Structure formats: C-alpha cells, structure tokens
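Observations on the three-dimensional arrangement
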Amino acid sequence: MSLTIESAPLANGNQRLALAGRLDTHTHTELDTQLAPILASGIQSLVLDLAGLEYISSAGVRSIFKARKALSAHGGKVVVVNPQPQIQKVFDVVKAVPLEEIFPTVEEADAYLDAMQRKVLNTDPDED
C-alpha cells in the first residue's frame, strides 16, 4: 500500500495534512517532499491527521521528528490527531511525539491550538 497525503488550505498560520496508508521506508520521502515548502513557509502549527494511517516505520517517525524540529526552531508545533492504536503504540515506544501533543480528535487538537495561540496573544475567550 502507498501513502496518500491530503492537504487542507492554510488557515491562521496552521496547516493540516491527512495521511493514509503506510508511512515507511518506501513512502517517507513523499511526506518529506510535501513538508519541505510547508515548513519553510513559517507556519505556526502543523496538524497531522493520522486517522487513515495504517502503518508507520522508523523512517516515518523520523519524518515527523524532523518536522517537529523545524517548527520548534521558530516556536511552532506539530500536533498529531486521530492515531490508530498501532500508530499510538509506536509513538509510545519511541517517545517521538510527546503525549500532550497527541489528540483523539481534530476538535480537541483545534481547541488545544486555539488555547495555545490565545496564551501567546494574551487574549481572553470571553472578549471575542
């Protein structure tokens, strides 16, 4: 099986990618190639929706780690949503993605990102 990457439009400095299939030795370069211009664009957060990802190898973990490192260099974050149990297990084993950055749903990730951005901007949600 191959890797499918769907990109949502950039919104408020946040980019969302949905991955499906296998992220492994044979497909990680597809992700790296698609991420390169995104990471260079200065986005604040990258949301990786893994609902359709069935398998991840160390090469796939390395691609996600490289994205985290690139964004953290300018204060950005990579968050992972909807990991399948087997993918979550890989993250648990390698500790590649901190647990506080893995969310069971996109909605929870969005709420986290919203709170993170409000904290940076020092705004109160009641002021909106």
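Up top you'll find the structure we're talking about.
Now for a quick tour of the structure.

What counts, and where the lines are drawn
- In this numbering scheme, every chain counts its residues from 1 along its sequence in written order.
- Per-residue local features are limited, in this predicted model, to residues with pLDDT of at least 70; the limit for side-chain atom pairs, both in listing and counting, is 80 or more; totals at the level of whole chains, interfaces and linings are taken over all residues.
- Side-chain metrics rest on all non-hydrogen atoms present in the structure, leaving aside hydrogens and water.
- Fitting a line to C-alpha atoms yields each axis, with helices limited to the stretch in contact; the angle taken between N-to-C directions then spans 0 to 180 degrees.
- Secondary structure elements are taken from DSSP: a helix is a run of H or I of four residues or more, a strand is a run of E of two residues or more, and numbering for both begins at the N terminus.
- For this classification, under 35 degrees means roughly parallel, over 145 means roughly antiparallel, 65 to 115 means roughly perpendicular, and everything else is oblique.
- By the convention used here, residues are in contact when the closest approach between their heavy atoms is within 4.5 Å.
- Each residue gets one of three labels, nonpolar for Ala, Val, Leu, Ile, Met, Phe, Trp, Tyr, Cys and Pro, charged for Asp, Glu, Lys and Arg, and polar for the others, Gly among them.
- In a helix, the anticipated span is given by 1.5 Å times the number of residues less one.
- Each residue gets one of three labels from its accessible area relative to the maximum for its type: buried under 20%, exposed over 50%, partly exposed in between, using a 1.4 Å probe on protein chains only.
- The term polar contact refers here to a pair of N or O atoms within 3.5 Å; inside protein, the definition further demands a hydrogen-donor-capable atom paired with an acceptor-capable atom, and it admits residues adjacent in sequence only when both atoms are side-chain atoms.
- A pair of strands is labelled paired if DSSP reports no fewer than 2 bridges between them.
- Two aromatic rings from Phe, Tyr or Trp, using only the six-membered ring of Trp, form a pair when their centres are within 6.5 Å; if the ring planes differ by under 30 degrees the pair is stacked, by over 60 it is edge-to-face, and anything between is tilted.
- In our convention, an over-ring charge means Lys NZ or Arg CZ found within 6 Å of a ring centre and within 35 degrees of that ring's normal.

**Digging into the packing of helix H1 (residues 28-40) against helix H2 (residues 58-72)**
- For the pair H1 and H2, interaxial distance at closest approach is 10 Å and the crossing angle is 10°. Our classification of the angle between H1 and H2 gives roughly parallel. In contact with His28, Leu31, Asp32, Leu35 and Leu39 of H1, H2 contributes Ala59, Gly60, Ser63, Lys66, Ala67, Ala70 and Leu71.
- Residues of the contact of H1 with H2, tallied by class, amount to seven nonpolar, three polar and two charged.

**Regarding H2**
- Over its 15 residues, H2 runs 21 Å from end to end, which matches the ideal 21 Å to within 8%, given 1.5 Å per residue.
- Among all positions in H2, only Ala59, Gly60, Val61, Ser63, Ile64, Ala67 and Leu71 are buried.
- Contacts from the buried residues of H2 go to strand E2 (14-23), H1, strand E3 (45-56), strand E4 (77-81) and helix H3 (85-94).

**Regarding the environment of Thr33**
- Structurally, Thr33 is set in helix H1.
- Classification of Thr33 as exposed rests on a relative accessible area of 57%.
- One polar contact links the side chain of Thr33 to the main-chain carbonyl oxygen of Thr29, over a distance of 2.7 Å.

**Thoughts on the side chain of Gln88**
- With respect to the helices and strands, the residue Gln88 is situated in helix H3.
- With a relative accessible area of 18%, Gln88 lands in the buried category.
- Among the polar contacts made by the side chain of Gln88, one reaches the side chain of Asp92 at a distance of 2.7 Å.

**Quick notes on the sheet that holds E2**
- Within the open sheet, the five strands sit side by side as E1-E2-E3-E4-E5. Their pairing is mixed. The sheet terminates laterally at strand E1 (3-7) and strand E5 (102-103), the two strands that pair on one side only.
- With five bridges connecting them, E1 and E2 associate as antiparallel partners. Directly across from Glu6, in E2, lies its bridge partner Ala18.
- Against the sheet, H1 touches E1, E2 and E3, its axis set at about 175° to E2.
- Strand contacts of H2: E2, E3 and E4, with the helix running at about 175° to E3, the strand carrying the most contacts.

**Topic: the packing of aromatic side chains**
- Counted by the stated rule, this structure contains zero aromatic pairs.
- In this arrangement the basic side chain of Arg22 is found over the ring face of Tyr55, its NZ or CZ atom lying 4.0 Å from the centre.

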